[in-house]
Amino acid sequence: MRDAGSLFKVLWPLLSCAAVGWGQANVSSMLAPQADRVMALGEWEERWQEDRITFHQPHVHQMLENNIDKVLSGRTGVRFFFPLCGKAVDMKWVADMGHSVVGVEISEKGIKQFFEDNNMTYSEEPVPAIPGAKVFKSSERNISLYQCDLYKFSSSIEGQFGAIWDRGSLVAINPRDREKYAALIISLMAKDCRYLLDTLLYNPESYGGPPFLVPDEQVASLFGNSCDLEQLQSLDALDALDALANRQRRWGLDYLTETVHLITPKST
C-alpha cells in the first residue's frame with residue numbers, strides 16, 4: 001500500500017499536467033474555426049448605417065434584470081461601464097436607478113439614436129485625449145457615451161468603474177484581440193468592481209459569428225489570474241420565445257447556451 005501511495009504521488013503531477021494540456025488543446029480546437037475571423041470597425045459602422053442591427057434588443061436584457069442585485073451588492077450611485085454599448089436600453093434603465101453610465105461605441109449614429117429614442121437632450125464635445133473622438137452627454141441623466149475605438153479608451157479618460165455590463169462586447173470583438181480586451185477591462189475595474197459578463201456557446205462549424213462563442217475555459221484563462229469568477233446563470237437560449245432566438249435558429253444552430261459570469265478583482 002505504501003508503494004501504491006508513493007506511485008500515486010509521483011504520477012499525480014504528471015496526470016494533472018496531462019489533463020490541463022488536454023483541456024487547453026480541447027479549447028483551442030473549439031475556437032479554431034473562428035480564430036482568424038476579423039471584422040473591421042468600418043464594417044460595424046456600415047451595419048449601423050444600413051440598420052442591420054439585429055443585435056440590438058428593444059428591452060432590458062433578462063440576464064441583467066435577473067442579476068442586478070448581485071452587481072449592485074447593496075451599493076448606491078455606482079459608476080457603470082458599457083463597452084460597445086450601441087443604443088442599449090439597459091443604460092437608461094441603470095441610470096434611472098440613480099447610477100451613472102459611461103459607454104463606448106464606434107457608431108455615432110447608434111449613440112445619437114440612443115438619446116433620441118429615449119427623448120433625451122444631449123451635448124456633443126471633442127475628447128482631447130483621443131484625436132477624432134467625441135463624447136455625447138445627457139442633459140437630464142448622468143450618461144456619457146464616447147464615440148471612438150474601444151482600445152483608445154482608458155482609465156485616464158474616465159477613471160475606473162464600480163460595475164461593468166458586457167452583454168455583446170467580448171462576444172463581438174475579433175477573437176484574436178481577446179487578451180488585449182481583457183487587459184483593458186481589468187484596467188478599468190475599481191477594487192470593488194463587479195463585472196457582469198454574458199457569453200455564448202455553440203458549434204462554430206455551424207455559424208462563423210459574430211457574435212462569437214466564448215467557452216467558460218477561456219473566460220477563466222482571460223480573467224482568472226487577477227479576478228475571482230462565479231457563474232451566475234446558464235440557459236438554453238434556443239428555448240427563448242423572442243426575435244433573438246428566431247434569429248439564432250436562422251444561423252443554423254442546433255444548440256446555444258447563454259451564460260452570465262460575475263467577475264470581481266481578487267483581494268490583495
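Residues numbered from 1 in each chain as written. Predicted model: local features only at pLDDT ≥ 70, side-chain atom pairs only at ≥ 80, totals over all residues. Heavy atoms only, no water.

## What about the side chain of His261?
Threshold: Where helices and strands are cited, they refer to DSSP runs of H or I of at least four residues and of E of at least two residues respectively, numbered from the N terminus. Using a 1.4 Å probe on the protein chains alone, a residue whose accessible area is under 20% of its type maximum counts as buried, one over 50% counts as exposed, and one in between counts as partly exposed. Any pair of N or O atoms that falls within 3.5 Å is considered a polar contact. Within protein, one atom must be able to donate a hydrogen and the other to accept it, and sequence-neighbouring residues count only if both atoms are side-chain atoms. By definition, residues are in contact when any of their heavy atoms lie within 4.5 Å.
Its location among the elements puts His261 in strand S9 (residues 257–265). Judged by its relative accessible area of 4%, His261 is buried. Side chain to side chain, His261 and Thr199 meet in a polar contact 3.0 Å long. His261 has contacts with Tyr195, Leu196, Leu197, Thr199, Asp216, Val219, Glu230 and Gln231, leaving out every residue within four places of it along the chain.

## Focus: the packing of aromatic side chains
The test is simple: Centres within 6.5 Å make a pair out of two Phe, Tyr or Trp rings, where for Trp the six-membered ring is used; the pair is then stacked when the planes are under 30 degrees apart, edge-to-face when over 60, and tilted otherwise. In this analysis the charged atom, NZ for Lys or CZ for Arg, is taken to sit over a ring once it is within 6 Å of the ring centre and within 35 degrees of the ring normal.
Summed over the entire model, instances satisfying the criterion amount to nine aromatic pairs. Look at Phe114 and Phe115: their rings are 5.2 Å apart centre to centre, the planes differ by 70°, and that puts the pair in the edge-to-face class. As far as burial versus exposure is concerned, Phe114 and Phe115 are alike and both buried. The interplanar angle of 55° and the centroid separation of 6.0 Å between the aromatic rings of Tyr202 and Tyr207 together place this pair among those described as tilted. Given the relative accessible area of 18%, Tyr207 is considered buried. A network of ring pairs unites the aromatic residues Phe81, Tyr146, Phe153 and Phe161 as a single cluster. One Lys or Arg, Lys180, reaches over the ring of Tyr151 and ends 4.2 Å from the middle of that ring.

## Re unusual backbone geometry
That bond from Gly209 to Pro210 is cis: its omega, -5°, falls within 30 degrees of zero. Here Pro210 shows up in the loop between strand S7 (189–201) and helix H8 (216–223). Of note, the bond from Pro210 into Pro211 is cis; its omega dihedral lies within 30 degrees of zero at -5°. Checked against the element boundaries, Pro211 lands in the loop between S7 and H8. Of note, the phi angle at Asn119 is positive, near 55°, even though the residue is not glycine. Here Asn119 lies in the loop between helix H5 (108–117) and strand S3 (122–126).

## Topic: the confidence of the model for the chain
Just so we agree on the cut-off: As a per-residue quantity, pLDDT reports the predictor's confidence and falls between 0 and 100.
Mean pLDDT over the chain works out to 88, with 85% of the residues at or above the 70 mark. Here residues 10–23 is a poorly scored stretch, pLDDT under 50, and it has zero contacts once near neighbours within four places are set aside; other chains count.

## As for the pairing of strand S5 (residues 143–147)
Within a regular strand, the side chains alternate between the two sheet faces. Heads up, the condition is: When DSSP finds at least two bridges between two strands, those strands are taken to pair.
Here S5 lies mainly inside the structure; five of its five residues are buried. The pairing of strand S2 (residues 100–105) with S5 spans five bridges and is classified as parallel. Counterpart to Val102 in the pairing with S5 is Ser144. Relative to S5, strand S4 (residues 134–138) is paired through four bridges, and the arrangement is antiparallel. In the strand pairing of S5, Phe136 is matched with Leu145. Taken together, S4 and the strand that follows it, S5, pair antiparallel across an intervening segment of four residues.

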